[in-house]
Structures are given as structure tokens and as C-alpha cells.
Amino acid sequence: MTRTSKLSFFDCESFTRLVFDDYELDDDMDGNLIAWTEMCPDCKRKYLGILGENRFDDSSAQGICGVEGCQNEADSYVDFKLNEVSFLW
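In this report, the structure presented in the accompanying data block is examined. (Residues numbered from 1 in each chain as written. Predicted model: local features only at pLDDT ≥ 70, side-chain atom pairs only at ≥ 80, totals over all residues. Heavy atoms only, no water.)

Under the criterion given, the structure shown has five aromatic pairs. On the numbers, 5.4 Å between centres and 40° between planes, the contact of Phe9 with Phe80 is tilted. Of this pair, Phe9 sits in strand β1 (residues 6-11) while Phe80 sits in strand β6 (residues 76-81), and the two are 71 residues apart along the sequence. Using a relative accessible area of 6% as the deciding quantity, one classes Phe9 as buried. (Phe/Tyr/Trp six-rings, centres within 6.5 Å; stacked < 30°, edge-to-face > 60°. Helix = DSSP H or I, 4+ residues; strand = E, 2+ residues; numbered from the N terminus. Buried < 20%, exposed > 50% of the residue type's maximum accessible area, 1.4 Å probe, protein only.)

Structure, rendered in C-alpha cells:
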């Protein structure tokens, strides 16, 4: 399935918007709908201060970084609550 929307996260403190062109919607362990994507080491290092360490899961990501414009191999998952993001059409 081709996704027509992008996921946007805006940090109010730094006025930085991150846009993800690859993401998934899924339930977390408590049954709440969340958005998640994968991130490469370079983007994780670049945006760690904005996203915070506790948002990352370094378990076994295997795919392409979800940050718009990045095609590097990912090694981390990043989770977002739906009230933290918006969808760009």
C-alpha cells in the first residue's frame, strides 16, 4: 500500500519540525494507538536532544530511516503518541 501522508513532529522548545515519510500505526502494549518509525544512527544523533532518549528502542530495527529525505539503514525504532504528531497530506 502506498501511503499518501507524512508524519510530523514539532518541538515547541526548539521550534524544530521533523517530518517522517515512512511510518506505521500500531497498538502499544496498553492497547493505545501509536505511530512509530525507524531511524538511522546519524538522524538519531542529530535529533536526540529534541526527541529524548526514552523514545528510542534500539532492539532490532531493520529498514530505511523514516526521516524525510534520509535513505540510510535504520538501527532504532521511535514511538510517538498520536497527540504528539500531526499528519501532512
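After presenting the structure, the write-up continues.
Strand order in the open sheet formed by three strands is β2-β1-β7, with antiparallel pairing between adjacent strands. The outermost strands of the open sheet, each flanked by one partner alone, are β2 (16-20) and β7 (85-88). The sheet shows a mean angle of 30° between the axes of neighbouring strands, taken without regard to direction. Sheet analysis places β1 next to β2, joined by five bridges and oriented antiparallel. Bridging across to β2, Ser8 finds its partner in Val19. (Pairing = 2+ DSSP bridges. Axes fitted to C-alpha atoms, helices over the stretch in contact; angles between N-to-C directions.)

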